[in-house]
Amino acid sequence: MKVVTGQVMQSMDKRAIGEFGVPGVALMERAGCACADAISQRFGDGAGRKAVIVAGKGNNGGDGFVISRILSQRGWEALVLLLAAPQAVTGDAAVNLERLDSGVVTSLPQGLAGQEELIKSATVVVDALLGTGINSEVGGIYGEAIDVVNACGVPVVAVDIPSGIDAGSGRVLGRAVRADLTVSFALAKLGNVLYPGAELGGRLVVADIGMPQAVVDEAPGCEFMDRESARAIIRPRSVIAHKGSNGHCLVIAGSVGKTGAAAMAAQSALRAGAGLVSLAVPAALNPVLESKTTEAMTIPIGPEDKWHFLAGALGELLSVAKGKDAVALGPGLGTAPSTVYLVHSLLTALDAPLVIDADGLNAVAVAPELLLRRRGRVTLLTPHPGEMARLMGVSVPEVEADRIGCARDFATRFQVYLVLKGARSIVAGPDGTIAINGSGNPGMATGGMGDVLTGVIAALLGQGYHPFAAARLGVFLHGYAADLMAEETGTRGMVATDVQEALPRALQRLTVAEGGAAGTSIN
Ligand SMILES: NC(=O)C1=CN([C@@H]2O[C@H](COP(=O)(O)OP(=O)(O)OC[C@H]3O[C@@H](n4cnc5c(N)ncnc54)[C@H](O)[C@@H]3O)[C@@H](O)[C@H]2O)[C@@H](O)CC1
Ligand SMILES: [K+]
């Protein structure tokens, strides 16, 4: 699903009207109608139902006027509380205001004070205060109105986006409405899918309002990864596939106390469909990983009494990396200085597509400019906000304040693919293309989840997926496996190996015609 900023949506509206001759009132009519339909579907129609539509003076309010008219036709009492003088309403919104019976509209330029009881008596409150036109922090009568709506205890339906949410980022601009349902128009806005806006919007419906297809297709936006987008990326496997055709991944991982990270990355690569996985570990840890893993082949590296990688392991690792289809570097490596040095050497020397996570990223953060020495070879980083902050030399709140900006900035500057983890993981490509992941749940906020993701992405790279596809499909699959687990067991107590073991089921649910007819292409 494509998502756009509020500004892009406003220019789409202009294009539809100016270039394609679609009247603005027609768009507004369909927008209001889509909201009314969603309300009717949820609450039914007919006498005894009351909608209170809290409207601003812009076009978001205009949609609210249409909703009032349509619900009235369906037997509702549909009252409009307009936070402005009627003469302040202009354009398409004014056209629709004039079409309402005067008894339906109460003009309240001083605010909603005194209307609380009326609002509490409603079946549904419609939030038509502010949409994509918001241009500053919300205060004054709009801020107070938002507080009244949030305190009313009645189901709230937001028109386009909850009032107070920045459509470009999902940020709360001072105060924002908390809705049960949001009906967004033509395309979802970033603010509908990014937190906290996504949570405040409740369930999201994206309604077709007759925007010309060319305007939709040509609008600059980014991909929101949902099941459909994942299915579009995933490729069928040939019935004559063999382990050699499904990619051989090398996982370089582990130090004392962190054998689990190594095991999970390796096992998750297998669960995500890698044909073969070799797991290179410090030699002293080999007996542990020999018994911890079954299908992965372990390779002891360095002196037998060493529990972490030393800088001198470079030659051995380069020789085991030869011919591998993807390398995952980082899970549980530790931060010993000689290991950090080794990571730096590997960065410049490894040819295979490389996924770097965890302590691998901490080593990169010491000298990120080394990434530029990979010159055209594929590099994919999977930082969480703390690691992203270290990579960029900024604070975690700075990363959280602009997740898309940070991911895009680093990916373009260092010519890497990057997954910035966290609720709604951001995927950025070296050309600045962005995707937002839609799967996952709070059960994933537990140790080891990153190791699983690293294995999944390495497996996909190893199977020959384009790095941007591997990153997008990888984050979606990882979160979707966790969602399937959550359906069964809830989110509390979920652990990373649960997600690892749910990966085949997630893949199976996303795969159409897996094992299709003979002759389908080998991955
Ligand atoms: N033809 C169109 O442009 C269409 C627009 N649509 C609706 O129109 C909305 C956008 O309409 P507008 O561009 O008129 O903008 P809005 O209706 O979102 O709000 C703009 C008005 O609010 C004021 N405002 C901005 N920030 C404020 C703040 N922090 N506190 C108080 N007032 C503030 C502005 O001065 C302006 O008067 C969309 O979200 C959607 O609901 C739909 O009807 C579809 C068609
Ligand atoms: K709104």
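Residues numbered from 1 in each chain as written. Chains lettered and ligands numbered in written order. Predicted model: local features only at pLDDT ≥ 70, side-chain atom pairs only at ≥ 80, totals over all residues. Heavy atoms only, no water.

Overall, the coordinates contain 17 salt bridges when judged by the stated rule. In this structure, the salt-bridge partner of Arg 403 is Glu 400, at a minimum N-O distance of 3.7 Å. We classify Glu 400 as partly exposed; its relative accessible area is 40%. The partner of Asp 409 in a salt bridge is Arg 413, and the shortest N-O contact between them spans 3.3 Å. One end of the pair, Asp 409, and the other, Arg 413, are both in helix H18 (residues 403-414), 4 residues apart, so they sit about a helical turn from each other. Look at Asp 409 and you get partly exposed, because its relative accessible area is 33%. Given the relative accessible area of 44%, Arg 413 is considered partly exposed. In this structure, a network of salt bridges that share partners links the residues Arg 15, Glu 19 and Glu 218. (Salt bridge = Lys/Arg side-chain N within 4 Å of Asp/Glu carboxyl O. Buried < 20%, exposed > 50% of the residue type's maximum accessible area, 1.4 Å probe, protein only. Helix = DSSP H or I, 4+ residues; strand = E, 2+ residues; numbered from the N terminus.)

So, about the site of ligand 1. Close contacts around ligand 1 come from 23 residues, with Lys 57, Asn 59, Asp 63, Gly 131 and Asp 160 the closest. Contact between ligand 1 and Gln 10: an oxygen atom at 2.9 Å from a side-chain N or O atom of the residue. In isolation ligand 1 offers 870 Å² of accessible surface; the protein chains occlude 82% of this area. Taking a 2 Å distance to the grid points as the criterion, the majority of the atoms of ligand 1 fall inside the second largest pocket. For the shell around ligand 1, the secondary-structure elements that each account for two or more residues are helix H1 (6-18), helix H2 (24-43) and helix H3 (59-73). For the shell around ligand 1, the class distribution of residues is 9 nonpolar, 9 polar and 5 charged. (Near = heavy atom within 4 Å. Polar contact = N/O pair within 3.5 Å; in protein donor to acceptor, adjacent residues only side chain to side chain. Areas by Shrake-Rupley, 256 points an atom, 1.4 Å probe, with all protein chains shown as cover. 1 Å grid on protein atoms, 1.4 Å probe; cavity = no way out; pocket = protein on both sides within 12 Å on 5 of 7 lines; lining within 4 Å. Sits in = over half its atoms within 2 Å of the grid points. Nonpolar A, V, L, I, M, F, W, Y, C, P; charged D, E, K, R; others polar.)

A few words on unusual backbone geometry. Excluding glycine, residues mostly carry a negative phi; peptide bonds, for their part, are mostly trans. For the peptide bond that leads from Tyr 195 to Pro 196, omega is 0°, which places it in the cis range. Here Pro 196 lies in the loop between helix H7 (190-193) and helix H8 (197-200). Of note in this structure, Ala 186 is not a glycine but carries a positive phi near 70°. Its location among the elements puts Ala 186 in the loop between strand E7 (181-185) and strand E8 (188-189). Of note in this structure, Gln 415 is not a glycine but carries a positive phi near 55°. In this fold, Gln 415 is placed in the loop between H18 and strand E17 (417-420).

As a further point, take the domain arrangement of the protein. When the parts come together, some accessible area is lost, and that loss is often what is quoted as the size of the interface. Annotation of the protein at the domain level lists domain 1 (2-220) and domain 2 (230-510). For domain 1 and domain 2, the distance between their C-alpha centroids amounts to 42 Å. Contact residues are listed per partner, giving 6 residues for domain 1 and 5 residues for domain 2. For the pair domain 1 and domain 2, the summed buried surface comes to about 430 Å²; carbon and sulfur atoms form 76% of the total. At the junction of domain 1 and domain 2, the tally comes to 1 residue pair in polar contact (both at pLDDT 80 or more). Class assignment for the residues of the side of domain 1 that touches domain 2 results in 6 nonpolar, no polar and no charged. (Domains from an automatic or database assignment. Contact = heavy atoms within 4.5 Å. Buried area = accessible area lost by both parts, 1.4 Å probe.)

Under the defined criterion, the tally for this structure stands at 1 cavity of 30 Å³ or more. Taken as a whole, the largest cavity holds about 30 Å³ of empty space. Taken together, Ile 301, Gly 302, Pro 303, Lys 306, His 308, Phe 309, Leu 310 and Ala 313 make up the full set of residues lining the largest cavity. A breakdown of the residues in the lining of the largest cavity according to their chemical character gives 5 nonpolar, 2 polar and 1 charged. (Points joined across faces, edges and corners; volume = space filled by probe spheres on them.)

Looking now at the sheet that holds strand E3 (residues 77-82). Across the sheet, 7 strands lie side by side as E4-E3-E2-E5-E6-E7-E9; this open sheet has parallel pairing. A strand with exactly one partner marks an edge of an open sheet, and here the two such strands are strand E4 (105-107) and strand E9 (203-207). Pairwise comparison of adjacent strand axes, ignoring direction, gives a mean angle of 20° for this sheet. Looking at chain direction, strand E5 (residues 124-128) and strand E6 (residues 156-159) are connected through 3 bridges and run parallel. Paired with Asp 127 across the bridge in E6 is Ala 158. (Pairing = 2+ DSSP bridges. Axes fitted to C-alpha atoms, helices over the stretch in contact; angles between N-to-C directions.)

Moving on: the coordination of the potassium ion (ligand 2). Within the first shell, the potassium ion (ligand 2) binds the protein through Asn 60 (OD1), Asp 127 (O), Leu 130 (O), Val 159 (O), Ile 161 (O) and Ser 163 (OG), at distances of 2.6 to 3.1 Å. Counting gaps between the donor residues of the potassium ion (ligand 2) yields the pattern N-x66-D-x2-L-x28-V-x1-I-x1-S. A residue pair is termed long-range when its members are at least 10 positions apart, and Asp 127 in strand E5 and Ile 161 in the loop between E6 and E7 qualify at 34 residues. Given the relative accessible area of 0%, Ile 161 is considered buried. (Donors = N, O, S within 2.8 Å, 3.2 Å for Na, K, Ca; no water.)

The topology assignment puts Arg 403 in helix H18. Taking relative accessible area as the criterion, Arg 403 reaches 13% and is therefore assigned buried. Here the side chain of Arg 403 touches Leu 420 through a polar contact of 3.3 Å, landing on its backbone oxygen. Beyond its immediate chain neighbours, meaning those up to four positions away, Arg 403 contacts Pro 385, Leu 420, Lys 421, Gly 422, Ala 423, Arg 424, Ser 425 and Ile 426.

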